[in-house]
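What the coordinates show
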Amino acid sequence: MEVIFEVPGQPKGKERPRWTMVSNTAIVYTPRSTRAYEDMIKTYYKINNFKSFKKNEALEVSAIAYYQIPKNARKSHKLLMLNGEMLPTKKPDIDNIMKIVLDALNGVAYHDDSQICKVNFMKMYSENPRLKILIRNVGENFDENIQDI
C-alpha cells in the first residue's frame, strides 16, 4: 500500500513542550500552534479516505517541505531556487518537521510510529508552499529517489 498527500501552507516543525505550575505541580503541555498543525496533517490524511496500515507492517515515510520563496529574492536566485539548485537552510529543522508528521499520524495512518523503519526528507523552495508526504511499506521501490514522490 502507498499513500501520498499534501498539507498546504508553510511547513512547520514540532515545538518544544511547555510547562506551567498549577498548585505546586508542574504541568507539561504541547503548544497550541503545534497541536493545530498536527490536526491539520491528520485532517488532510483523513479527507483522502486512506486506510490505516496494519499493526506489524514495516513502513517508510518520505516528505518534502516546500518553502515559500522569499519576497526579496533576486530574479537570478529565484530561478535557482525553483530549479532546486539553491535549497533552504532555514528553520524549522528537518527533525522537527518529521517529528510533527510522525506524531500527527500516530494512531491514524499507522498503529504506532515504532513501525517507521525508513525516513527520507528534503527541503526545497516553491511558489506553492506545502508539505508533501508519502507513506508506504518498506520494500516497495526501496531505492526510489525521494524526488519521485
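Residues numbered from 1 in each chain as written. Predicted model: local features only at pLDDT ≥ 70, side-chain atom pairs only at ≥ 80, totals over all residues. Heavy atoms only, no water.

Let's shift gears to helix H1 (residues 32–46). An α-helical segment advances 3.6 residues per turn. Residues three or four places apart therefore align on the same side. Its 15 residues give H1 an end-to-end C-alpha distance of 21 Å, which sits within 8% of 21 Å, the value for a rise of 1.5 Å per residue. Taken as a whole, H1 has its buried residues at Thr34, Tyr37, Glu38, Ile41 and Tyr45. The buried residues of H1 occupy one face: seen down the axis, they fall within an arc of 100°. Pointing more than 90 degrees away from the buried face of H1 are the exposed residues Arg32 and Lys46. Packing partners of the buried residues in H1 comprise strand E1 (2–8), helix H3 (94–105) and strand E6 (130–137). (Helix = DSSP H or I, 4+ residues; strand = E, 2+ residues; numbered from the N terminus. Expected span 1.5 Å × (residues − 1). Buried < 20%, exposed > 50% of the residue type's maximum accessible area, 1.4 Å probe, protein only. Arc of directions from axis to C-beta. Contact = heavy atoms within 4.5 Å.)

This part covers the nonpolar core. Within the largest apolar cluster, 30 residues are counted, with the highest numbers of intra-cluster contacts made by Phe5, Ile41, Tyr45, Leu105, Leu131, Ile133 and Ile135. Looking at this core, the elements with two or more residues in it are E1, H1, strand E4 (59–68), H3, strand E5 (116–126) and E6. It is H3 that contributes the most residues to this core, 7 residues altogether. The contact partners of Leu131, leaving out residues within four places of it in the chain, are Phe5, Glu6, Val7, Gly9, Tyr37, Ala63, Ile64, Ala65, Ile97 and Val101. (Core = buried A, V, L, I, M, F, W, Y, C linked by side-chain atoms within 4.5 Å.)

A few words on unusual backbone geometry. In this structure, Pro92 follows Lys91 across a cis peptide bond, with omega equal to 5°. Positionally, Pro92 belongs in the loop between helix H2 (75–82) and H3. The backbone of Ser23 sits at a positive phi, close to 50°, despite the residue not being glycine. With phi around 55°, Asn49 is a residue other than glycine that occupies positive phi space. By the element assignment, Asn49 lies in the loop between H1 and E4. Residue classification places Asn49 among the exposed residues on the basis of a relative accessible area of 66%.

Don't take any of this as a statement about function, it's just geometry.
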